[in-house]
Amino acid sequence: MKRRLLLTLACLGAVQGGAAASLSGAALEQAAQDYQAQCQGCHGVQRFGASGPALLPESLSRIKPAEVREVIAKGRPASQMAGYAGVLSDARLDALADYLQRPPATPPSWSSEDIRASHSLLNDIGRLPATPQHNADPLNLFVVVEAGDHHIDILDGDRFTVLARFASHFAVHGGPKFSPDGRFVYIASRDGWISLYDLYNLKLIAEIRAGLNTRNLAVSKDGRWVLVGNYLPGNLIVLDARDLSLVRNIPALGQDGSPSRVSAVYTAPPRDSFIVALKDVKEVWELSSRDTPDWQPRRIHAEDYLDDFSFSPDYHQLLATSRKAEGGQVIDLDSGRAVSEIALPGMPHLGSGTYWQRNGRWVFATPNISKGLISVIDLETWKLIKEIPTLGPGFFMRSHINSPYAWSDVFFGPDNDAIQLIDKQTLEIAHTLRPMPGKTAAHVEFTHDGRYLLLSIWASDGALIVYDSHSLKEIKRIPMNKPSGKYNVGNKIEFAEGTSH
Ligand code: HEC
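Throughout this description, residue numbers start from 1 for each chain and increase along the sequence as written. Predicted model: local features are reported for residues with pLDDT of at least 70 only, side-chain atom pairs are reported and counted for 80 or more only, and whole-chain, interface and lining totals are derived from all residues. Side-chain metrics in this entry use all non-hydrogen atoms of the structure; hydrogen atoms and water are not considered.

**What about the environment of Glu58?**
Going along the chain from the N terminus, every DSSP run of H or I of four or more residues is numbered as a helix, and every run of E of two or more is numbered as a strand. Assignment of secondary structure puts Glu58 in helix 4 (residues 57-60). Distance from Glu58 to Pro348, taken between C-alpha atoms, is 23 Å for residues 290 residues apart in sequence.

Shown next as structure tokens:
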């Protein structure tokens, strides 16, 4: 497995730039020295990150190699990251950029001891009031991620004002998740930092670094456990939800012992369990969270590797895309069998699809990352009922039980400033909005009652725009720095129809 990973990385390097593949041993040696002389103070001796983010191949995988080179040369505005163009020659900058894309000589490790040593308690819950210390409706708060400058805003969902704003760790990853009563929010960052925040007292409670590269986290139905899924090291980390202390470190090993990365973890409340997708072995895991869990995975065989998935409304089935991406597979979680295949031609982003009732039946709609269409599936027969052409490939779809529309962004291509509203009954596009022409409009979340919704303008000089969900009139515009995601406490803890899981 390790060999395969290395091979893949080598291939990537070769494709990315001829120069990279031909870099001499001496140049790499120089790059390693330059790193230690110029960069490790902020990015860590082992590139695990410190005040600056981790710089491992896994950490940089979402950025284009040219951008990595550009950041090193020019820095990032309004951050500690200065440019090195005047300090190092072009050739040495090239070599550094290449060096960062290679795995370290000694494979990175992050043990249970490392995790424990990273734990910090910032406030004692026992001494804080157990009722909301603000006058906003605690179930209509929004947690907003400002990805541009790595901050979190807590927004009053009735008055649309910011109650609190605090720095997050670098690059929040996956949606923040809530305790069942809505008091606590759990936030994961790309580099593995998990934060616990008290929405009643507007205070950080605890932090811990659960891994070096994290996908996302989930909170158990009873609110006792937090499960973190990691790429690096490939494992699951169970934390005590009260203070984030380490409970269990579970390596992600397939039935035959081969190691895997974890694609995603979700909680399935009606099953009182966690569902885990593995990226490098063809298995789905179910971990019971009932009573005193033994954390032994129930292994379900999958037809292909699982990248992204969603549940049926009753959590009996799982809809998954896979690497082959020529379609989806439906796995029955009770019998553990693959029950159906779905024709989905355009690389669906199932994790952000949504479902609703139409003519008394459940339908599921998902955007596609490689094609400008929305696929609508009947959740009983798993048949594709409609493909709705859109202005371009989308990323997020959201709705609310009280809204007649499913809101879908056009994330990719020249029309990425458009938002398209699909009539949930006719399955036709009813409206196309362009909130800020020329700027990406994306990711919608409704207020708890569904009367209003918040939409992001995904730019450093972006905004959060509040719309009336029926009249479609703009109510308010709050300037924000790349407000990537927003999460309504009430909708999330009720696992409401139309929101993401
Ligand atoms: C004074 C601290 C500091 C030093 C020294 C420093 N960096 Fe950074 N670096 C940062 C911070 C902070 C960021 C995050 C900036 C942001 O908010 O996007 C960053 C971001 C980066 C990124 C982008 C990472 C990402 O995932 O977006 C790269 C690449 C990078 N630095 C490489 C380097 C290299 C190579 C050196 C040495 C030549 C270096 N840095 C030196 C603080 C530093």
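This is not the end of the story, as more comes after the structure.
**Quick word on the sheet that holds strand 29 (residues 441-446)**
Here, any two strands with at least 2 DSSP bridges between them count as paired. Pairing is antiparallel across the open sheet formed by four strands, whose spatial order is 29-30-31-32. The sheet is open, and its two borders are formed by strand 29 and strand 32 (474-480), each paired with just one other strand. Between one strand and the next, the sheet's axes are offset by a mean angle of 20 degrees, whatever the strand orientation. For strand 31 (residues 462-468) and strand 32, the ladder comprises six bridges, and the chain directions are antiparallel. A fitted line through C-alpha atoms serves as each axis, taken over the contacting stretch for helices, and the angle formed by two N-to-C directions is quoted from 0 to 180°.

**Notes on the site of the ligand**
Near is defined per residue: the residue qualifies when any heavy atom it owns lies within 4 Å of the molecule or strand. The full set close to the ligand counts 22 residues, and Cys39, Cys42, His43, Arg76 and Met81 are the nearest of them. For the purposes of these results, a polar contact is taken to be a pair of N or O atoms within 3.5 Å, where, inside protein, one atom must be able to donate a hydrogen and its partner to accept one; residues adjacent in sequence count only when each atom of the pair is a side-chain atom. A distance of 2.7 Å separates an oxygen atom of the ligand from a polar side-chain atom of Arg190. Listing elements by their share of the shell around the ligand, those giving two or more residues are helix 3 (25-43), helix 5 (65-74) and helix 6 (90-100). The leading source of residues in the shell around the ligand is helix 3, at four residues. Under this grouping Gly is polar, as are all residues other than the nonpolar Ala, Val, Leu, Ile, Met, Phe, Trp, Tyr, Cys and Pro and the charged Asp, Glu, Lys and Arg. Tallied by class, residues from the shell around the ligand come to 14 nonpolar, six polar and two charged.

**Side note on the pattern of salt bridges**
Salt bridges are identified by distance alone: a Lys or Arg side-chain nitrogen within 4 Å of an Asp or Glu carboxyl oxygen. Using the criterion set out here, one finds 30 salt bridges in the structure. One salt bridge connects Arg298 with Glu286, and the closest N-O pair in it is separated by 2.6 Å. Here Arg298, found in strand 16 (residues 298-301), pairs with Glu286, found in strand 15 (residues 283-288); they are twelve residues apart in sequence, far enough to count as distant. Exposure categories follow from relative accessible area, calculated using a 1.4 Å probe and restricted to protein chains: below 20% of the type maximum is buried, above 50% is exposed, and the middle band is partly exposed. Take Arg298: its relative accessible area is 31%, and that puts it in the partly exposed class. You can call Glu286 buried: its relative accessible area is 9%. Notably, a salt bridge pairs Arg434 with Asp417, separated by 2.7 Å at the nearest N-O pair. Here Arg434, found in the loop between strand 28 (429-433) and strand 29, pairs with Asp417, found in the loop between strand 26 (405-409) and strand 27 (419-423); they are 17 residues apart in sequence, far enough to count as distant.

**Considering the pairing of strand 26**
With five of five residues buried, strand 26 is to be regarded as a mostly interior element. Bridge analysis of strand 25 (residues 397-398) against strand 26 gives two bridges, and the strand direction is antiparallel. The residue bridging Arg398 from the neighbouring strand is Trp407, located in strand 26. From the end of strand 25 to the start of strand 26, which pair antiparallel, there are six residues. Across five bridges, strand 26 lies against strand 27 in antiparallel orientation.

**Here's the deal with the environment of Ala365**
One can find Ala365 in strand 22 (residues 361-367). Between the C-alpha atom of Ala365 and that of Ala343, which follows or precedes it by 22 residues, the distance is 13 Å. Residue contacts follow a heavy-atom distance rule, with two residues in contact if any of their heavy atoms lie within 4.5 Å. Once residues within four sequence positions are removed from consideration, Ala365 is found in contact with Gly353, Thr354, Trp356, Ile374, Ser375, Val376 and Met397.

**Quick look at the coordination of the iron atom of the ligand**
Geometry reference: four tetrahedral donors at a metal, ideal angle 109.5 degrees. Six octahedral donors, ideal angles 90 or 180 degrees. Coordination of the iron atom of the ligand by the protein involves His43 (NE2) and Met81 (SD), with metal-donor separations of 2.0 to 2.1 Å. Coordination partners: N, O, S within 2.8 Å of the metal, 3.2 Å for Na, K and Ca; water not considered, so apparent gaps in a site are possible. The geometry test gives tetrahedral to four donors whose angles all lie between 85 and 135 degrees, gives square planar to four donors and octahedral to six donors whose opposite members are over 155 degrees apart with all other angles between 65 and 115, and gives irregular to the rest. For the iron atom of the ligand, the six donor atoms in the first shell make angles of 85 to 178 degrees at the metal, so the coordination geometry reads as octahedral. Remark: Met81 occurs in the loop between helix 5 and helix 6 and His43 occurs in helix 3; sequence separation between them is 38 residues. On the accessibility criterion, His43 (10% relative accessible area) is buried.

**Here we look at the nonpolar core**
Residues Tyr186, Ile194, Val226, Val228, Leu239 and Leu244 are the most contacted members of the largest nonpolar core, which totals 25 residues. Within the residue set of this core, elements represented by two or more residues are strand 6 (184-188), strand 7 (193-198), strand 8 (203-209), strand 9 (213-219), strand 10 (225-232) and strand 11 (235-240). Setting aside residues up to four positions removed in sequence, Leu244 forms contacts with His119, Tyr186, Ile194, Ser195, Leu196, Ala206, Glu207, Ile208 and Leu239. One finds Ile154, Phe178, Val489 and Ile493 within the second-largest nonpolar core, a separate group that totals 17 residues. To qualify as a nonpolar core, a set must consist of buried Ala, Val, Leu, Ile, Met, Phe, Trp, Tyr and Cys residues joined through side-chain atoms within 4.5 Å.

**Examining the layout of surface pockets**
Here a cavity denotes grid points, spaced 1 Å and computed from the protein atoms alone, that fit a 1.4 Å probe unable to get out, and a pocket denotes an open set having protein on both sides within 12 Å along at least 5 of 7 lines; residues with an atom within 4 Å of a point are the lining. Grid points are joined across faces, edges and corners, and a volume is the space filled by probe spheres set on the points. Reported here for the second largest pocket is a volume of approximately 260 Å³. Lining of the second largest pocket is provided by 19 residues; of these, Phe178, Val219, Thr267, Lys492 and Phe495 occupy positions nearest its centre. With three residues, helix 8 (residues 489-493) is the largest single contributor of residues to the lining of the second largest pocket. Of the residues belonging to the lining of the second largest pocket, the class tally is nine nonpolar, seven polar and three charged.

**So, the sheet that holds strand 7**
Taken together, the five strands give an open sheet; going across it, the order is 1-8-7-6-5, and neighbouring strands pair in antiparallel fashion. Among the strands making up the open sheet, the edge pair consists of strand 1 (120-121) and strand 5 (177-178). Sheet topology note: the strand 6/strand 7 ladder contains five bridges and is antiparallel. Each bridged residue has a counterpart across the sheet, and for Phe184 the counterpart in strand 7 is Asp198.

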